[in-house]
Amino acid sequence: MTIMTNNSARHAIDLSTEPPQLYGRFRRDPLMRLLTGIGKVWFPFWGPVSPLRDPAADDGVLTLDIIDRAVVAVDENVIALTFAAPDRSILPEWHPGAHLDLLLPSGRMREYSLCGDPGDRHTYRIAVRRIPDGGGGSIEVHDGLRIGDSIQIKGPRNAFPLVLPGFGSASRKLRFVAAGIGITPILPMVAMADRYGLDWSMIYSGRSADSIPFAEELAQYGDKVTVRTDDVDGLPTMAELVGPTPDDDAGLSVYTCGPVPMLESLRTFLTDRSDIELHFERFSPPPILDGTEFQVTIASTGRTETVAADESVLTALRRVDPAVPYSCQQGFCGTCRLKTSAGDVDHRDTLLTQPERDEGWFLPCVSRCDSESLTVEI
Ligand code: FES
């Protein structure tokens, strides 16, 4: 008992001090003392330049260089941008399904899925479709960002993780369903599934052959990838998208990204299939369920706007003030966060904590109103 106590006490000494010398001639080993001293002097200078440091600034914002810009769809409406640290050091790690927040020079923030190789720790790649009638973010990326420019980013963050069969998923087969620019989060998933030798297949649909990005890159996977276009093949059925379902107990996981109507149809189609996991990411706002009309008042001006039953508070506010910030429009990034000073909020996000809600914060891209009107502090 006594010996155990002594050993415990010995382990409790400060581990940053040098150990005793092996031969007992010195209370502290002289060589270890020298090396410790050198380490203490050297580390403050080495830390900031070490290739293993996390280059993210304290506020999570990284400034990167644009080192490549490529047109990746025949119709030239999709470009891929590749970023690297100014000193080409290692970037924070990411996994398939992750995205970056781009802080654009105009002040807009937009999220884009990472579509490069997660094994490449020195670059990030995103792809952006030009949306002429969108909020202006894609136009700014297409027309304003060039090789050699700097760009600020936040992230990577992952709201659409790939769960590998045998590592958290009971399924042993993977089915990837991508539509148009929805290919971006799927591309690194396919690469990982293929690299790990998993049982996978993919269907990739789009309006026309000219409109689908990364067709050449996907050609390396041969007949594991089925490309179909609406102008030649018509709209796909849900059975086509899901593909042959396993007739044994292998289980199937479907990973999909595309327009909301396709995702909603897939969800309905698979409602009764408890043997099939469905993982999806939207690239546009979700449909508004059980919406009713109400009024929103801007506190600073007193102006009141009607929020229709099928539109978001964010949409109504941006009619009045197009500068109201937003990004995901799905209630998970927090960019659109505003405070209310009157009215009952119907919170529909999964981001805000109860204390934040109690303070009046809400996300106007998804949350609505339980009373007749809301007053927001802008
Ligand atoms: S825009 Fe992302 S939470 Fe509202």
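Residues numbered from 1 in each chain as written. Predicted model: local features only at pLDDT ≥ 70, side-chain atom pairs only at ≥ 80, totals over all residues. Heavy atoms only, no water.

A.B. asks: What exactly am I supposed to notice about the sheet that holds strand β3 (residues 98-103) here?
C.D. replies: Within the open sheet, the 6 strands sit side by side as β4-β3-β6-β1-β2-β5. Their pairing is antiparallel. In this open sheet, the two edge strands, each paired with only one partner strand, are β4 (109-113) and β5 (124-129). Taken pair by pair, the neighbouring strands of this sheet meet at an average axis angle of 40°, ignoring direction. Where β3 and strand β6 (residues 150-158) come together, 5 bridges link them in antiparallel fashion. Note on β6: the bridge partner recorded for L102 is I153. Contacts from helix α3 (residues 137-144) reach β1 (61-71), β2 (78-84), β3, β4 and β5 within the one sheet, and its direction differs from that of β5 by about 115°. (Pairing = 2+ DSSP bridges. Helix = DSSP H or I, 4+ residues; strand = E, 2+ residues; numbered from the N terminus. Axes fitted to C-alpha atoms, helices over the stretch in contact; angles between N-to-C directions. Contact = heavy atoms within 4.5 Å.)

A.B. asks: Looking at this structure, I do not really get the side chain of D101. What am I missing?
C.D. replies: Assignment of secondary structure puts D101 in strand β3. Take D101: its relative accessible area is 2%, and that puts it in the buried class. In this structure, D101 is in contact with M109, R110, E111, Q152, I153, K154 and R157, ignoring residues within four places of it in sequence. (Buried < 20%, exposed > 50% of the residue type's maximum accessible area, 1.4 Å probe, protein only.)

A.B. asks: Explain α3 to me, please; I cannot follow it from the model alone.
C.D. replies: Each turn of an α-helix holds 3.6 residues, which means side chains three or four residues apart point in the same direction. Among the residues of α3, those classed as buried are G137, S138, E140, V141 and H142. Of the surrounding elements, those touching the buried residues of α3 are β1, β2, β3, β4 and β5.

A.B. asks: I tried to follow the pattern of salt bridges on my own but got confused; where do I start?
C.D. replies: Oppositely charged side chains are able to pair whenever their charged atoms sit close together. By the definition in use, this model includes 19 salt bridges. The closest approach of N and O atoms between K173 and D199, which form a salt bridge, is 2.7 Å. One end of the pair, K173, is in strand β7 (residues 173-179); the other, D199, is in strand β8 (residues 199-206), with 26 residues separating them in the sequence. With its nearest N and O atoms 3.3 Å apart, the salt bridge here joins R357 to D349. According to the relative accessible area criterion, D349 is buried, its value standing at 7%. (Salt bridge = Lys/Arg side-chain N within 4 Å of Asp/Glu carboxyl O.)

A.B. asks: For this particular structure, what's the right way to read a nonpolar patch on the surface?
C.D. replies: Side chains of L31, M32, L34, L35 and I38 sit close together on the surface and give an oily, nonpolar patch of about 480 Å² of accessible area. One can find L31 in helix α2 (residues 30-46). Overall, L31 belongs to the exposed group, its relative accessible area being 54%. (Patch = residues over 30% accessible without salt bridge, like charges linked within 9 Å, V, L, I, M, F, W, Y side chains within 5 Å. Areas by Shrake-Rupley, 256 points an atom, 1.4 Å probe, with all protein chains shown as cover.)

A.B. asks: Quick question: what am I supposed to make of the sheet that holds strand β10 (residues 252-258) here?
C.D. replies: By way of backbone hydrogen bonds, the strands of a sheet pair with one another, either parallel or antiparallel. Across the sheet, which stays open at both edges, the 5 strands sit in the order β9-β8-β7-β10-β11 with parallel pairing between neighbours. A strand with exactly one partner marks an edge of an open sheet, and here the two such strands are β9 (225-229) and β11 (276-282). Strand-to-strand twist of the sheet, defined as the mean angle between neighbouring strand axes without regard to direction, takes the value 15°. Pairing of β7 with β8 involves 7 bridges; the strand directions are parallel. When the bridges of β8 are listed, V177 appears paired with I203. The strands that helix α4 (residues 183-195) touches are β7, β8, β10 and β11; relative to β7, the one it contacts most, it runs at about 155°. Of the strands in this sheet, β7, β10 and β11 touch helix α8 (residues 260-269), which is tilted by about 165° from β11.

A.B. asks: What is the right way to look at the nonpolar core in this model?
C.D. replies: For soluble globular proteins, nonpolar side chains are generally found buried alongside one another. With 32 residues, the main nonpolar core has F176, I183, I186, W200 and M202 as its most contacted residues. Secondary structure elements with two or more residues in this core: β2, β7, α4, β8 and β10. When residues of this core are sorted by domain, at least three fall in each of domain 2 (61-158) and domain 3 (173-282). Contacts of I183, omitting those with residues within four sequence positions, involve A178, M202, Y204, P213, F214 and L218. One finds I66, L81, Y112 and I153 within the second-largest nonpolar core, a separate group that totals 22 residues. (Core = buried A, V, L, I, M, F, W, Y, C linked by side-chain atoms within 4.5 Å. Domains from an automatic or database assignment.)

A.B. asks: Honestly, the packing of aromatic side chains in this entry has me stumped. Any pointers?
C.D. replies: To describe a pair of aromatic rings, you give the distance between the ring centres and the angle between the ring planes. The final tally for this structure, using the stated rule, is 4 aromatic pairs. Both rings, one in W200 and one in Y221, keep their centres 5.3 Å apart while their planes meet at 85°; by these two values the pair is edge-to-face. Here W200 is found in strand β8, whereas its partner Y221 is found in the loop between α5 (215-218) and β9, with 21 residues between them in sequence. The class of W200 is buried, set by a relative accessible area of 3%. Using a relative accessible area of 14% as the deciding quantity, one classes Y221 as buried. (Phe/Tyr/Trp six-rings, centres within 6.5 Å; stacked < 30°, edge-to-face > 60°.)

A.B. asks: Just checking my understanding: could you explain unusual backbone geometry for this structure?
C.D. replies: In terms of backbone geometry, most residues other than glycine have negative phi values and most peptide bonds are trans. Between G155 and the following residue, P156, the backbone shows a cis peptide bond with an omega angle of 0°. Within the secondary structure layout, P156 lies in strand β6. Unusually for a residue other than glycine, R88 sits at a positive phi of about 60°. You can see R88 is positioned in the loop between β2 and β3.

A.B. asks: Would you explain the confidence of the model for the chain in this entry?
C.D. replies: Scored by pLDDT, the chain has a mean of 87; 88% of the residues are at 70 or more. In the model of the chain, helix α1 (residues 2-11) stands out as the element of lowest mean pLDDT, 33, in contrast to β2, which has the highest, 98. (pLDDT = per-residue confidence, 0-100.)

A.B. asks: Sorry, what's going on with the pairing of β8 here?
C.D. replies: Regular strands place side chains that alternate from one sheet face to the opposite one. Counting buried residues along β8, 6 of its 8 residues qualify, which places the element largely inside the surrounding structure. Following the backbone out of β7, through α4 and into the adjacent parallel β8, one traces a crossover that is right-handed. Two strands pair when backbone bridges link them, and β8 and β9 are joined in this way by 5 bridges, in the parallel orientation. By the bridge assignment, G206 is partnered in β9 with T229. (Right-handed = clockwise from strand over helix to strand, strands pointing away.)

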